[in-house]
Amino acid sequence: MHRLTNQVRPYAWGARTAIPDLLGTEPDGTPQAELWLGAHHGAPSAAVSDDGSAHPLPNLIADAPHRVLGSEVAERFGARLPFLLKYLAAEQPLSLQVHPDAARARQGFDAEEHRGIPVDAPHRNYRDPHHKPELLLALEPFEALCGFREPGAARHDLRGMTCELARALRADLSSSDDHTALRSALTRLLTLAVDRRERLLSEFVEEWSACDRRGPHGRIVPDLACRYPGDPGAVASLLLNRITLRPGEALFLPAGNLHAYLQGTAIEVMASSDNVLRAGLTRKHVDAPELLDVVDFSVLPIPYAQPAFHEGRREFRPGAPEFALHEIGPGRIAAHLPGTGPCVVLALDGQVDLVAEVGQGVTLDRGESVFVPADSGPVKVEGRGHVVAATVAAASGAALATAGVPAANPGAESRSAAGATAAPPVGATVGVRASAPSAPSSAPATAPRPRG
């Protein structure tokens, strides 16, 4: 096992204190948005060996991929870690964005390579040839915009408004076909004529604010417009579901899901990619035609990820082949790390011991992390604390819940955009609330589960 030193990404929307508090460091007054744990070339972790020497994690993997990743993972994904774990701390809204599917990512990357666009160019869309499905697990109440709501709900919110843009959007949203209505409205917003955009948006926000709108979108439009003047993303937020995740709830965001994180701290695990197409709420590059080709305009249930409970762990296996996320604790814990491939473990609180069958064990305090190679054998986690672990999904494990394990909180109710509730089917992949963690438990794992 190798302790990790990880890089912090200082994006402007980041919180000032959350990541320093996790790591036990002094805040420096600048925003610290994401802590990256993995081997992505944008900010790779360093693996510390027993002799104290540190090596970039991608190099450690490249030197012995079958030993470090395991033969099965290396054959599926090559000599690279296919997932990336992040600790995310948002003090302000992130950009309104979408991620491409695998085919589109490869096509877009190859096309931009052929055109000779530098991979770090500000106007580049595709920085690698991989897709980026992602799962977000809330650590505190977490605000987000996620997926399209019914066009009729957005049209209802525009009732009584007389400004030019509101009237045009009402007409767009009146189509009997949801897909056509949403595409028309978003296309209109993203392609507003430059010489008219500021006036149209200002008139809309002024009239919206004067009406003292209620409901989940009431304050979000003027708030986003204040943060991003002249940005159509503020009005586009009306097309999306406005949700609040409770601690322990999770979202799975597949390709095409238009979303924006607004505020809160969370754990993210995703396919190791940095491909983001932005629609607004940003000063970065926006390629409207490319984004409109990638967005899925379907009206779907909010994609809450349903966990399974297995041998002392809450497991999120949303069907992405690159990753699964496991939560152990909080409280007194005794469990085994899952899987047969590589694993990245982060301690969120307390102190835990990782006891390996092969090599030396490791003690993790709050904010510390470790990379567990595939050849470590079974690894037991014990102590009192709260940890998350990212692994590669099993090759055949496309289903969300483990067979034979009851779905978490099967009687929970899912929330629709309009606030109505309905009991979800047990084991559903989307549209189901994930249950929050139960109270700390001293119960050990029901049986050891080897990693090897």
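I will try to describe carefully the structure that is included in this document. The shown structure was predicted, so the numbers you read here are calculated from the model rather than taken from an experiment.

About the criteria used
Residues numbered from 1 in each chain as written. Predicted model: local features only at pLDDT ≥ 70, side-chain atom pairs only at ≥ 80, totals over all residues. Heavy atoms only, no water. Buried < 20%, exposed > 50% of the residue type's maximum accessible area, 1.4 Å probe, protein only. Helix = DSSP H or I, 4+ residues; strand = E, 2+ residues; numbered from the N terminus. Pairing = 2+ DSSP bridges. Contact = heavy atoms within 4.5 Å. Polar contact = N/O pair within 3.5 Å; in protein donor to acceptor, adjacent residues only side chain to side chain. Expected span 1.5 Å × (residues − 1). Arc of directions from axis to C-beta. Core = buried A, V, L, I, M, F, W, Y, C linked by side-chain atoms within 4.5 Å.

1. A short note on the pairing of strand β16 (residues 324-336)
Link 1 in the chain: Counting buried residues in β16 gives 10 out of 13 residues, a clear majority hidden from the surface.
Link 2 in the chain: Of the pairings in the sheet, the one linking strand β15 (residues 313-316) to β16 comprises 3 bridges and is antiparallel in character. Paired with E315 across the strands is H326, a residue of β16.
Link 3 in the chain: Where β16 and strand β20 (residues 379-391) come together, 11 bridges link them in antiparallel fashion. By the bridge assignment, I333 is partnered in β20 with G383.

2. Considering the environment of E134
Link 1 in the chain: Assignment of secondary structure puts E134 in strand β8 (residues 134-138).
Link 2 in the chain: In this structure the C-alpha to C-alpha distance between E134 and M270, which are 136 residues apart in sequence, comes to 4.1 Å.
Link 3 in the chain: Once residues within four sequence positions are removed from consideration, E134 is found in contact with H99, L251, F252, L253, H259, Y261, E268, V269, M270 and F323.
Link 4 in the chain: For E134, the side chain forms a polar contact with the side chain of H99, separated by 3.3 Å.

3. Quick look at helix α5 (residues 102-114)
Link 1 in the chain: Taking 1.5 Å per residue, 13 residues should reach 18 Å; α5 reaches 18 Å between its end C-alpha atoms and fits that length.
Link 2 in the chain: All of the buried residues in α5 are A105, G108, F109 and E112. What you see down the axis of α5 is that its buried residues fit within an arc of 100°, all on one side. Among the exposed residues of α5, those oriented more than 90 degrees off its buried face are A103, Q107 and H114.
Link 3 in the chain: Among the residues of α5, the N-terminal cap falls to D101, whose side-chain oxygen and the backbone nitrogen of A103 are separated by 3.4 Å.
Link 4 in the chain: Within two residues after α5, G116 carries a phi angle of roughly 75°, on the positive side.

4. Topic: helix α9 (residues 194-210)
Link 1 in the chain: The first and last C-alpha atoms of α9 sit 25 Å apart over 17 residues, in line with the 24 Å expected at 1.5 Å per residue.
Link 2 in the chain: Listing the buried residues of α9 in full gives L200, L201, F204, V205, E207 and W208. What you see down the axis of α9 is that its buried residues fit within an arc of 165°, all on one side. Along α9, the residues that are exposed and aim more than 90 degrees away from the buried face are D195, E198, E206 and A210.
Link 3 in the chain: Elements that come into contact with the buried residues of α9 comprise α6 (151-157), α7 (164-172), α10 (220-227) and α11 (233-236).

5. A look at the nonpolar core
Link 1 in the chain: Counting residues in each nonpolar core, the largest one holds 48 residues, and the members touching the most others are F148, L186, F204, L258 and L291.
Link 2 in the chain: Other than its neighbours up to four places away in sequence, F204 contacts L158, M161, C163, L165, A166, L169, V221, V235 and L238.
Link 3 in the chain: With 40 residues, the next largest nonpolar core counts A15, L37, Y87 and L346 among its residues.

6. Describing unusual backbone geometry
For residues other than glycine, phi is negative in most cases, and the peptide bonds are mostly trans.
Link 1 in the chain: Cis geometry marks the peptide bond from G329 to P330, where omega comes out at 10°.
Link 2 in the chain: Note that P330 resides in strand β16.
Link 3 in the chain: Of note in this structure, L281 is not a glycine but carries a positive phi near 55°.
Link 4 in the chain: Within the element layout of this structure, L281 appears in the loop between β13 (277-280) and α12 (288-294).
Link 5 in the chain: With relative accessibility at 2%, the residue L281 sits in the buried group.

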